[in-house]
Amino acid sequence: MKDTVYEPIKLDGPAGKSITRRSGREKVTGKATFSAEWPMDGLLYATPVVSQISRGRIIRIDSSLAEALPGVYKVLTPENLPSFTRLPASGEGNFSSIVASKVYPVAERDIYYAGQYIAAVIADSFETARDAALLVQVEYESMPSETNIRRAEGSEQPGSVSGAPPTVDEQNAEQVLSAAAVQVDQEYFTEGNYHNPLEPHATIAHWTIKGGKPYLLVYDSSQSLALARQTYAQLFNLDASQIRVVCQYMGGAFGSKGLMWPHSILAVLCSKAVNRPVKLVVSRNQLYGGTGYRTPLIQRVALGASQDGLIEAIIHAGSASTSEVDQYTESFTLVTRMMYQRKALKLEQFQCRLNTQVPTFMRAPAEAGGVFALETAIDELAVKLEVDPVALRIKNEPVKDLFSSKPFSSRHLTTALQEGAKAFGWHRRRKTPRELRDGSWLVGFGVSAATYPSLGFPTQVTLRIGSDGTAKILCCSQEMGTGTATVQAQLLADLLGIPQGRVQMKLGDTDLPAGGISGGSATTGSVGGAVRQAYDKLKERLFELLASDSKLRKVPIDQVQFIDGALVYKNEMARFEDILMDANRDFIDVDGSFSPSFQTSTSNHSFGSQFVEVGVDEDLGLIRVRRMLGCFACGTILNARTARSQFLGGMIMGVGQALQESIRWDHRLGRITNDDFAEYHVPVNADIPEIDVLWIDNPDFNATPIGAKGIGEIGITGVAAAIGNAVYNATGKRLRTLPMTPKEFL
Ligand code: MOS
């Protein structure tokens, strides 16, 4: 057994406790200031004019009617747009910027997708700007477009952001498959999903002068403030010190606010054009096109196994979409490399260019779709082998990550499956479909494994330790509603041995030390890693501050312990607040950082199991989820309440993916027809049954310095497969398309 990368730390104080999220009260009482709500003197409002065609060229834009409307300040077109530097988009491997698309707002004459921003109206009220936008006359030359992934031609997908080659063929998997005693070989189709954060995307931008130089202040609903600042700096030829980006609260993000979408750039351009603060709120309709979506996937999964249920060959291949001009890689086969033991493996990914906005991350990008196909195929294999699907998964547990040949940092999938099965009452599942009924409902049980990689992003923090016994964590991370400020305060309070109420975290502002993107389920481990490093330096800093006559001074520092916020040697003890007081210091700052580079010696992933009971009314074509249970192994849990909420949220989003969410394109027009909450269906309370969430206590100090693996995204993975597998168990009908809708039974 190898040593862990980090010395385990003991957390037995405020960390792990069920504590209410700090920003919760402000949010529900309306006191929270969201990005669109900052009061600004002289604020103007911008509304984009969006393309009504899905591909072609702008011949002429006539803005005279709009300009004549009282209250209209200016109409921006390609003719009068302020200058900026065109950066490559982040999907092309430009990691120094987070520009989502190189189709820049208002700058292009070519149209690549419906909803593209082709002009912008700036007015003294939102209503006037919106009215005037409808008066802008645009003459187009329309060209044929493609929005149907099934019709689009695929080309081989280049390597993914994680450096993963998409094409893999180990040991001639097709041959091993055809020689296998038992085979499953199927196609799975998942529709595209659109992000619908309750708080729409919004930006307020203000160009001013500070110290004789241009200064850009931006309120931006963003998951990546530090990277946004860096990106604005490159776009507008400013030094980072001339830019401040702020986001104190967010009403949902889930990946949709990870990159910089055209509206943010447009808001800055508008402010530059009129020399006033300008607010741009993307309307619900404009999100569809204005921001990215989860790509539809066409996947083939083939499994070959021996008669006694050992998997010999795994093949996972398929197509995802990207846009006509931008590159987005949805690595839906990534999970298949490390999930099960096998002899032979083949992975292949193709991309289809569609006339859409570029797809983007959406909660468990890659895994949400990839796990659906893989875990449905595993269930199909269990049916063919006539074995229990829980037992089949356990039987095919790999001894290590067979792709990278690295040991897992920790896994515990078997435990998650066993504990989940026990708590769910899995033994009551009927082996044969159509045996369990409840009135008009056929009832079935389904299971899936869940997984998501444990990632990390470079993060810096400053700990401000005060002589009044308080502590502050300063870090430009983001509060997405996940509880970042709450759990980090719990962590530091635990380390310092003080009540959690004495620790505050300041975040959401680029004037603070740079944090990473709040995405990839990586924030808790990354920020926590930096907090731990700073904390580890605290002993030395406090030792230096000891008064020259302190008895502790006479002891070599390595014999002095730092326990519960105090330097301790035998009977001598000095608490940090007393040391600071004696040294006449109000506070000291200690910096810490986290770099994910160390995470390369093990294969790091969160794991879990999903159990679902469904009822199917075949006459009405209804599928109802009756019970759900998730059992997760995600390392240290810093707050039982916020963690449970994260798992619940992921599982509920999984119900949406499985049964409701779907982008409906009119492929003739290349336009999305269900671009609002009335027609883009997401689960409401009535769709969601009682959900149980369990987790396994397994701090993982190979994965992160605080033992925490990600919890934000794993909750959605496996849900759709477990629901589909339960539908099969209920009815004997195998559904391989998401969302599963009544038409499957009619
Ligand atoms: Mo997540 S899809 O990385 O916000």
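Since the structure is predicted, the reported quantities are computational estimates derived from the model, not experimental observations.

**Topic: the overall build of the chain**
Looking only at helices and strands, one finds 16 helices and 33 strands in the chain. For 746 residues, the compact-globule estimate of 2.2 N^0.38 gives 27 Å, and the C-alpha radius of gyration of the chain, at 27 Å, lies within 12% of that figure. Viewed in the frame of its principal axes, the chain has a C-alpha envelope of about 80 × 75 × 50 Å. Residues counted as buried form 61% of the 746 residues belonging to the chain. Considering only residue pairs separated by 6 or more positions, the chain has 81% of its internal contacts joining residues 24 or more positions apart. Taken as two groups, the 75 positive and 80 negative side-chain charges of the chain have centres that lie 2 Å from each other.

**What about the domain arrangement of the chain?**
In terms of domain boundaries, the chain breaks down into domain 1 (22-32 + 459-594), domain 2 (36-144 + 195-290) and domain 3 (363-454 + 601-744). Between the C-alpha centres of domain 1 and domain 2 the distance comes to 38 Å. Together domain 1 and domain 2 conceal approximately 1,500 Å² of surface at their shared face, both sides included; 52% is due to carbon and sulfur atoms. Counting across the interface, domain 1 meets domain 2 through two salt bridges. Close ionic contact of Asp 511 with Arg 244 constitutes a salt bridge, the shortest N to O distance being 3.3 Å. Inspection of the region where domain 1 meets domain 2 yields eleven residue pairs in polar contact (both at pLDDT 80 or more). Tallied by class, the residues present in the side of domain 1 that touches domain 2 amount to six nonpolar, nine polar and five charged.

**Section: the environment of Ile 688**
Among the structural elements, Ile 688 can be located in the loop between β31 (671-672) and β32 (690-695). Along the backbone, Ile 688 and Glu 37 are 651 residues apart, and their C-alpha atoms lie at a distance of 32 Å.

**Observations concerning the side chain of Ser 467**
Mapping Ser 467 onto the fold places it in the loop between β21 (459-466) and β22 (471-474). The residues touching Ser 467, leaving out its near neighbours within four places in the chain, are Glu 577, Leu 580, Met 581, Arg 585 and Asp 586.

**Points about the packing of helix α9 (residues 367-385) against helix α16 (residues 719-731)**
The interhelical angle for the contact between α9 and α16, taken along N-to-C directions, is 30 degrees, at an axis separation of 8 Å. One element, α9, and the other, α16, form an angle in the roughly parallel class. Read as a crossing pair, α9 and α16 show a hand that is right-handed. Of the residues in α16, those touching α9 at Val 371, Phe 372, Glu 375, Thr 376, Asp 379 and Val 383 are Ala 720, Ala 721, Asn 725 and Tyr 728. The class makeup of the residues in the contact of α9 with α16 is six nonpolar, two polar and two charged.

**As for the sheet that holds strand β2 (residues 56-62)**
Spatially, the three strands line up as an open sheet ordered β4-β2-β6, and their pairing is antiparallel. Taken across any chain shown, the strands that pair with only one partner, and hence form the sheet edges, are β4 (110-111) and β6 (137-142). Where β2 and β4 come together, two bridges link them in antiparallel fashion. Looking at the pairing, Arg 57 lines up with Asp 110 of β4.

**Remarks on helix α3 (residues 126-135)**
The complete set of buried residues in α3 reads Thr 128, Ala 129, Ala 132 and Ala 133. Down the axis of α3, the buried set is contained in an arc of 135 degrees. They therefore lie on one face. Buried positions along α3 lie against β1 (44-50), α2 (64-68), β3 (72-76) and β5 (117-123).

**A short note on the packing of aromatic side chains**
Taken as a whole, this structure holds 18 aromatic pairs when the rule is applied. With a centroid separation of 6.1 Å and an interplanar angle of 50 degrees, the aromatic rings of Phe 34 and Tyr 249 are classed as tilted. In this pair, Phe 34 is assigned in the loop between α1 (22-28) and β1 and Tyr 249 in the loop between β13 (243-246) and α6 (262-274), connecting sequence segments 215 residues apart. Seen in terms of ring centroids, Trp 426 and Phe 445 are 6.4 Å apart; in terms of plane orientation they differ by 40 degrees. Their pairing is tilted. With a gap of 19 residues between them, Trp 426 in the loop between α11 (413-424) and β19 (437-438) and Phe 445 in strand β20 (residues 441-453) connect regions that are remote in the sequence. The two residues Trp 426 and Phe 445 agree in class, both being buried.

**Topic: the pattern of salt bridges**
For the structure on display, the rule yields 33 salt bridges. The partner of Glu 324 in a salt bridge is Arg 55, with the nearest N and O atoms 3.0 Å apart. In this pair, Glu 324 sits in the loop between β17 (311-323) and α8 (334-338) while Arg 55 sits in the loop between β1 and β2, placing the two residues 269 residues apart along the sequence. When salt bridges that share partners are traced, they join Glu 174, Asp 185, Arg 300 and Lys 346 into one network.

**Quick look at the packing of helix α12 (residues 484-496) against helix α13 (residues 523-545)**
Remark: α12 packs on α13, axes separated minimally by 10 Å, with the N-to-C direction vectors making an angle of 30 degrees. The angle between the axes of α12 and α13 places the two elements in the roughly parallel class. Helix-helix and strand crossings are classified by hand; for α12 and α13 the assignment is right-handed. Across the interface between the two elements, Thr 484, Val 487, Gln 488, Leu 491, Leu 492, Leu 495 and Leu 496 of α12 pack against Thr 523, Thr 524, Val 527, Gly 528, Val 531, Tyr 535 and Leu 538 of α13. Taken together, the residues that form the contact of α12 with α13 break down as nine nonpolar, five polar and no charged.

**Quick notes on the nonpolar core**
Nonpolar side chains in soluble globular proteins tend to end up buried together. Among the nonpolar cores identified, the biggest contains 85 residues, and Met 339, Leu 381, Val 614, Ile 623, Phe 647 and Ile 723 are the most heavily contacted of them. With ten residues, α9 is the single largest residue contributor to this core. Those residues in contact with Phe 647 that lie beyond four places of it in its chain are Phe 632, Cys 634, Ile 637, Val 693, Trp 695, Ile 711, Ile 714 and Gly 715. If you look at the next biggest cluster of nonpolar residues, it comprises 64 residues, including Leu 81, Ile 98, Tyr 194 and Cys 247.

**Side note on the pairing of strand β12 (residues 213-220)**
Counting buried residues in β12 gives six out of eight residues, a clear majority hidden from the surface. Looking at chain direction, strand β11 (residues 202-210) and β12 are connected through eight bridges and run antiparallel. Residue pairing in the sheet places His 206 in a bridge with Leu 217 of β12. Between the end of β11 and the start of β12, which pair antiparallel, lie two residues, with Gly 211 showing a positive phi angle near 60 degrees.

**Description of the sheet that holds β12**
The strand order across the open sheet formed by seven strands is β3-β5-β1-β14-β11-β12-β13, and the pairing between neighbours is mixed. Taken across any chain shown, the strands that pair with only one partner, and hence form the sheet edges, are β3 and β13. Direction aside, the axes of adjacent strands within the sheet are offset by 20 degrees on average. Here β1 pairs with β5 via six bridges, running antiparallel. Note that in β5 the partner of Tyr 45 across the bridge is Ala 123. Contacting β1, β3 and β5, α3 runs over the sheet at an angle of about 25 degrees to β1. Seen against the sheet, α6 touches β1, β3, β5, β11, β12 and β14 (278-281) and runs at an angle of roughly 40 degrees to β11.

About the thresholds
- Residues numbered from 1 in each chain as written.
- Predicted model: local features only at pLDDT ≥ 70, side-chain atom pairs only at ≥ 80, totals over all residues.
- Heavy atoms only, no water.
- Helix = DSSP H or I, 4+ residues; strand = E, 2+ residues; numbered from the N terminus.
- Rg over C-alpha atoms; globule rule 2.2 N^0.38 Å.
- Buried < 20%, exposed > 50% of the residue type's maximum accessible area, 1.4 Å probe, protein only.
- Contact = heavy atoms within 4.5 Å.
- Lys, Arg positive; Asp, Glu negative; His and termini not counted.
- Charge placed at Lys NZ, Arg CZ, Asp CG, Glu CD.
- Domains from an automatic or database assignment.
- Buried area = accessible area lost by both parts, 1.4 Å probe.
- Salt bridge = Lys/Arg side-chain N within 4 Å of Asp/Glu carboxyl O.
- Polar contact = N/O pair within 3.5 Å; in protein donor to acceptor, adjacent residues only side chain to side chain.
- Nonpolar A, V, L, I, M, F, W, Y, C, P; charged D, E, K, R; others polar.
- Axes fitted to C-alpha atoms, helices over the stretch in contact; angles between N-to-C directions.
- Parallel < 35°, antiparallel > 145°, perpendicular 65-115°, else oblique.
- Left-handed = near helix turned anticlockwise from the far one by under 90°.
- Pairing = 2+ DSSP bridges.
- Arc of directions from axis to C-beta.
- Phe/Tyr/Trp six-rings, centres within 6.5 Å; stacked < 30°, edge-to-face > 60°.
- Core = buried A, V, L, I, M, F, W, Y, C linked by side-chain atoms within 4.5 Å.

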